[in-house]
Structure formats: C-alpha cells, structure tokens
Amino acid sequence: MAIAEQQTSSQAGPGSGDGSWHSIVLQTLKRNEISLIPYVPDRVLTPLIKNLHADPFFTTFATAREEEAVGIVSGAWMGGRRGAVLMQTSGFATLANTLASLAVPYQIPLIMFVSERGTLGEFNYGQSLVCRTMRPVLDSLALEHHTITRLDELEFITDRSIKQAVTTQAPVALILNPLLTGGKTFDK
C-alpha cells in the first residue's frame, strides 16, 4: 500500500515520466490519440484528472453524470475523435442502459477507466454492493474488462485494450484497483 500511496501523491506534471499510475495512463492515452476526456469527479482519479487538465493535448471536463460522458464520447467517435470516460464504481452502476442501447449496438469503442470502490477496506456499504454488480453487468453485455492491480501491467493492459477497442469497435472497461491507485481514504 505504501507504493500505491507514493504513486498517488506524486505531484509531477504531465509527461514527466515519473512512473506513477496516472502518468502512465496519461502517456498511453496520448500515444493512442485519445484526446477527449469527460469525467465525473472522483477523489481517486484526481491526480490523473489534474494532469489531463494541465496537458494541452487533452480536452478534459467534468460532466454531471456518467451517461452524459458516454454520450459525449460516443458522439465524438461518430465525428472522428477518440475519447475515454473516467468514473468510479458507483457511477458505472448507472450505465447499463446506456451501454446496452448506445455503445454496444452502435459499436462505439468506449474506453472506460473505473476507479474501483467497494473492496479492500471500503467504509461505505453501498459501494460494496455496487462493486459486486459491476463485473456481472460487464459480462452480461459481453464487454471486455480488465482489473489492473499492478503498476508493471498497467501500460501493457491499457495500451492493448485501447487498440482492441478501436479495431473491434467495442467498449472496454479498465478497472483501477486500490492496489494500483491507493484507493479512497479519509484522514481522521
């Protein structure tokens, strides 16, 4: 956990190659020409969000709901631009209809980064319940998904998942486990 906390607390700027999980994700997005990043604010994803905002390559903005972010990225794909959506587990719980009626049938290569809540010391019972439904929903929609727990696998899984999503024109969920990110914590 100390490694994840150190990675999360890194304040290095975009492109610094500092080896943090968020720097690796940013560089992999850039390399794959994913430049549109709508998100719903999330404490775990904050280092990534801040660095995306600081990099002029990206168009990054907050949305009110995850469905809105998916709609924006879907429209952008239809217009020739690549995007990814950032959210947490509870936000994913609102997406089943949007995925089943938009992203899947219209073959949108929707890249979803989901900070995983509801596991490894979770303090909110509701988050635990939602976490248990996420993978079964992804499976029932036949959506590719990977849970990333290790920094040494992050770049490979992210890069290959993006490439697969684009070439097969199918959504993918990259679930960022607390072992990777440090998770959500509250100071007492």
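Residues numbered from 1 in each chain as written. Predicted model: local features only at pLDDT ≥ 70, side-chain atom pairs only at ≥ 80, totals over all residues. Heavy atoms only, no water.

An unreviewed UniProt entry lists the protein under the name Decarboxylase, with Bradyrhizobium rifense given as the organism.

### Focus on empty space enclosed by the protein
The criterion, for reference: In the cavity and pocket records, a cavity denotes points on a 1 Å grid over the protein atoms alone where a 1.4 Å probe fits but cannot get out, a pocket denotes an open set with protein on both sides within 12 Å along at least 5 of 7 lines, and lining residues are residues with an atom within 4 Å of a point. Grid points are joined across faces, edges and corners, and a volume is the space filled by probe spheres set on the points. The helix count covers DSSP runs of H or I at least four residues long, the strand count covers runs of E at least two residues long, and both are numbered beginning at the N terminus. Polar here means any residue other than Ala, Val, Leu, Ile, Met, Phe, Trp, Tyr, Cys and Pro, which are nonpolar, and Asp, Glu, Lys and Arg, which are charged; Gly is therefore polar.
Evaluation of the coordinates by the stated rule reveals 1 cavity of 30 Å³ or more. What the largest cavity holds in volume is close to 40 Å³. Those elements giving two or more residues to the lining of the largest cavity turn out to be helix H4 (66-78) and strand S3 (82-88). The class makeup of the residues in the lining of the largest cavity is 6 nonpolar, 1 polar and 2 charged.

### Topic: the packing of helix H2 (residues 21-31) against helix H3 (residues 46-54)
Cut-off, in case you're wondering: Where helices are involved, their axes are fitted lines through C-alpha atoms of the stretch in contact, as for all axes, and angles between N-to-C directions lie from 0 to 180°. The labels follow the angle: roughly parallel below 35 degrees, roughly antiparallel above 145, roughly perpendicular from 65 to 115, and oblique for the rest. For any helix crossing, the convention is left-handed if the near helix is rotated counterclockwise from the far helix by under a right angle, and right-handed if that rotation is clockwise. Contacts are residue-level and defined by heavy atoms, with any inter-residue pair within 4.5 Å sufficient.
Look at H2 against H3: their axes get within 9 Å of each other, and the N-to-C directions meet at 45°. The orientation of H2 with respect to H3, classified from their angle, is oblique. In this structure, the crossing between H2 and H3 has a hand that is right-handed. Contact residues: Trp21, His22, Val25, Leu26 and Leu29 in H2; Pro47, Leu48, Asn51 and Leu52 in H3. Broken down by class, the residue content of the contact of H2 with H3 amounts to 7 nonpolar, 2 polar and no charged.

### Topic: the pattern of salt bridges
To keep it simple, the criterion reads: Note on definitions: salt bridges are taken to be side-chain nitrogens of Lys or Arg within 4 Å of carboxyl oxygens of Asp or Glu.
Evaluation of the coordinates by the stated rule reveals 7 salt bridges. Linking lysine 30 and aspartate 55 is a salt bridge whose minimum nitrogen-to-oxygen distance equals 2.6 Å. Within this pair, whereas lysine 30 is found in helix H2, its partner aspartate 55 is found in the loop between H3 and strand S2 (59-62), the two being separated by 25 residues in sequence. Here the salt bridges share partners, and the residues they tie into one network are Arg150, Asp152 and Glu153.

### Here's the deal with the sheet that holds strand S5 (residues 144-148)
We count it as follows: Strand pairing is assigned whenever DSSP detects at least two bridges linking the two strands.
If you walk across this open sheet you meet the 6 strands as S2-S1-S3-S4-S6-S5, and the pairing is parallel. Of all strands in the sheet, those with a lone pairing partner are S2 and S5, marking the two edges. Direction aside, the axes of adjacent strands within the sheet are offset by 20° on average.

### Brief notes about the nonpolar core
Selection rule: Working definition of a nonpolar core: buried Ala, Val, Leu, Ile, Met, Phe, Trp, Tyr and Cys residues. They are joined through side-chain atoms within 4.5 Å. Working definition: with a 1.4 Å probe on protein chains only, accessible area under 20% of the residue-type maximum means buried, over 50% means exposed, and in between means partly exposed.
Core analysis: the biggest nonpolar cluster contains 27 residues, and Leu29, Leu86, Ile111 and Phe113 have the highest contact counts within it. Of all the elements in the fold, those that place two or more residues in this core are H2, strand S1 (34-39), H3, S3, strand S4 (111-115), helix H8 (151-168) and strand S6 (172-176). Excluding its chain neighbours within four sequence positions, the residues that come into contact with isoleucine 111 are Ile34, Gly83, Ala84, Val85, Ile162, Ala165, Val172 and Leu174. Met87, Leu99, Val114 and Ile175 belong to the second-largest nonpolar core, a separate cluster that totals 18 residues.

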